[in-house]
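So the chains spell out like this:
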Amino acid sequence: MLAYEGVQAAVNAPPAELAIAPVLPMHFRKGQIELKLFTTIATLGIPQDITLQELRIESFFPMDETTAAVLRGWAESAASARSAAG
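All values derive from a computational prediction rather than experimental measurement.

## Looking at helix H3 (residues 65-85)
- Taking 1.5 Å as the rise per residue, H3 with 21 residues should run 30 Å; its terminal C-alpha atoms sit 30 Å apart, in good agreement.
- Listed in full, the buried residues belonging to H3 are Thr67, Ala68 and Val70. Burial along H3 is one-sided: seen end-on, the buried residues are contained in an arc of 165°. Facing away from the buried side of H3, by more than 90 degrees, are the exposed residues Glu65, Thr66, Glu76, Ser83 and Ala84.
- Elements in contact with the buried residues of H3: strand E2 (33-43) and strand E3 (56-62).

## Notes on the pairing of strand E1 (residues 25-30)
- Taken together, the 6 bridges between E1 and E2 define a ladder with antiparallel strand orientation. Looking at the pairing, Met26 lines up with Leu37 of E2.
- In sequence, E1 turns back onto E2 through a hairpin of 2 residues, with Gly31 there showing a positive phi of about 65°.

## Side note on the pattern of salt bridges
- This structure, assessed with the given rule, holds 1 salt bridge.
- One salt bridge connects Glu65 with Arg72, and the closest N-O pair in it is separated by 2.4 Å.
- A relative accessible area of 52% means that Glu65 is categorised as exposed.

## As for the confidence of the model for the protein chain
- Mean pLDDT over the protein chain stands at 84; residues scoring 70 or higher make up 86%.
- The lowest-confidence element of the protein chain is helix H2 (residues 50-53), averaging 70 in pLDDT; the highest-confidence one is H3, averaging 94.

What counts as what
Residues numbered from 1 in each chain as written. Predicted model: local features only at pLDDT ≥ 70, side-chain atom pairs only at ≥ 80, totals over all residues. Heavy atoms only, no water. Helix = DSSP H or I, 4+ residues; strand = E, 2+ residues; numbered from the N terminus. Expected span 1.5 Å × (residues − 1). Buried < 20%, exposed > 50% of the residue type's maximum accessible area, 1.4 Å probe, protein only. Arc of directions from axis to C-beta. Contact = heavy atoms within 4.5 Å. Pairing = 2+ DSSP bridges. Salt bridge = Lys/Arg side-chain N within 4 Å of Asp/Glu carboxyl O. pLDDT = per-residue confidence, 0-100.

And the structure:
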């Protein structure tokens, strides 16, 4: 990944904003689509249960209404495609 143009500079750049919130925002952009998400990670089990101790569930949530609308649109398109195929 570091061989791609601009990646090394982005890795070495200081953060654009200070992380003062309990979540880390994630911004994705491709073409005209921009998504702003935050993530949570849930850990299941107890320390004595080695199988559950290793299980983690990561969930992503929209940080703004624009991102929520894009994700709802994608979900509706996928549901329409499934119903048309079935």
